[in-house]
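Coordinate analysis (summary)
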Amino acid sequence: MPYQRYVAIGDSQTEGLNDGAETTGYRGWADRLAEILATHHPDFRYANLAVRGRLAAQIRTEQAEAALALNPDLITVMAGMNDLVRPGFDATAVAADLEAMLKTLTASGATVVTFTFPDVAKIAPLARHLRPKVLDFNDRIRVMAERHGATLVDTFHQPITTDPRLWSDDRIHATPLGHARIAAAVADALKVPGADPSWADPLPPLPPMPIWRRAGVELAWAGAFLGPWLLRRIQGRSSGDGRTAKRPEMRPVTSANV
């Protein structure tokens, strides 16, 4: 197992939101991946620089160089979704920030992992207008990952990634099961001993939902999550205002600290 020093950079998904609680701390897929990797190396160390709400440009300026300073041999980069859902999204500019990170990070000699995004229209039907942007941005990610030799976890074409049981009520952050599946997907992409493609196996079918109930669920989601999100955008606020990385230093991984 070649990986001894792992750094995760990104936004709320990599920070681990909704896999745990604000009061007790979040675990998340990156922590779960670190736990898997730690079983293969006694001297394994892990840092997580991700902060919720961060845009790709902020991840580039605040986290990429800081990650390299920790001398990692494995780096995961999940960035761009916070940009994509905002009005005025500039795919070319955001892709340039992501590509600059991939270029710099892979040039260090570290293994770099990045991700495409799942089909938002199937996760949140009221956001289906974003689907063409996701398709275009995913194509850009595939090209830049190949160009720079980054390992790609391509989630879009995997039906499991839109199963509602992998997503929290806000439809933005993964559930603990969703975080576990993401960690397993990365382990599979890295060919970690014991990992396999079973992360993409479907769950048992859900019972059909009547149209009237589905409409009510969508309206409830809009009121509870979409409305407050839009209000923060109007007010120029971010969920990450005043927050810093939860794990800024390389530390051993144990059940007590991850």
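As a starting point, this report considers the structure included with it. Here the structure is a predicted model, which is why all the values come from computation and not from measurement.

Considerations on the overall build of the chain
Of regular secondary structure, the chain possesses 9 helices and 8 strands. When the 258 residues of the chain are sorted by exposure, 48% land in the buried category. A sequence separation of at least 24 residues applies to 76% of the contacts in the chain between residues at least 6 apart. When the accessible surface of the chain is summed, it comes to about 12300 Å², and 57% of that surface belongs to carbon and sulfur atoms.

With respect to the packing of aromatic side chains
In the structure shown here, the tally under the stated rule is 4 aromatic pairs. Ring geometry for Y6 against Y46: centres 5.2 Å apart, planes inclined by 20°, an arrangement best described as stacked. Remark: Y46 occurs in strand β4 (residues 45–48) and Y6 occurs in strand β1 (residues 5–10); sequence separation between them is 40 residues. The same class applies to Y6 as to Y46, namely buried. Aromatic pair F89 and F137: ring centres 5.9 Å apart, planes at 80°, arrangement edge-to-face. Taken together, the residues span a long stretch of sequence, with F89 in the loop between α4 (81–84) and α5 (91–107) and F137 in helix α7 (residues 131–148) at a distance of 48 residues. With respect to burial, F89 and F137 carry one shared label: buried. Grouping aromatic residues by their ring pairs yields a cluster made of F89, F117 and F137.

Examining helix α3 (residues 56–69)
Over its 14 residues, α3 runs 19 Å from end to end, which matches the ideal 20 Å to within 8%, given 1.5 Å per residue. At Q63, α3 is bent by approximately 35°, the largest bend along its length. By the burial criterion, the buried members of α3 are A56, I59, Q63, A64 and A67. For α3, the secondary structure elements touched by its buried residues are β1, β5 (74–78), α4 and α5. Backbone geometry just after α3 places N71 at a positive phi near 55°.

Thresholds, definitions, all that
- Residues numbered from 1 in each chain as written.
- Predicted model: local features only at pLDDT ≥ 70, side-chain atom pairs only at ≥ 80, totals over all residues.
- Heavy atoms only, no water.
- Helix = DSSP H or I, 4+ residues; strand = E, 2+ residues; numbered from the N terminus.
- Buried < 20%, exposed > 50% of the residue type's maximum accessible area, 1.4 Å probe, protein only.
- Contact = heavy atoms within 4.5 Å.
- Areas by Shrake-Rupley, 256 points an atom, 1.4 Å probe, with all protein chains shown as cover.
- Phe/Tyr/Trp six-rings, centres within 6.5 Å; stacked < 30°, edge-to-face > 60°.
- Expected span 1.5 Å × (residues − 1).
- Bend = angle between axes of the 7 residues up to and from the residue.

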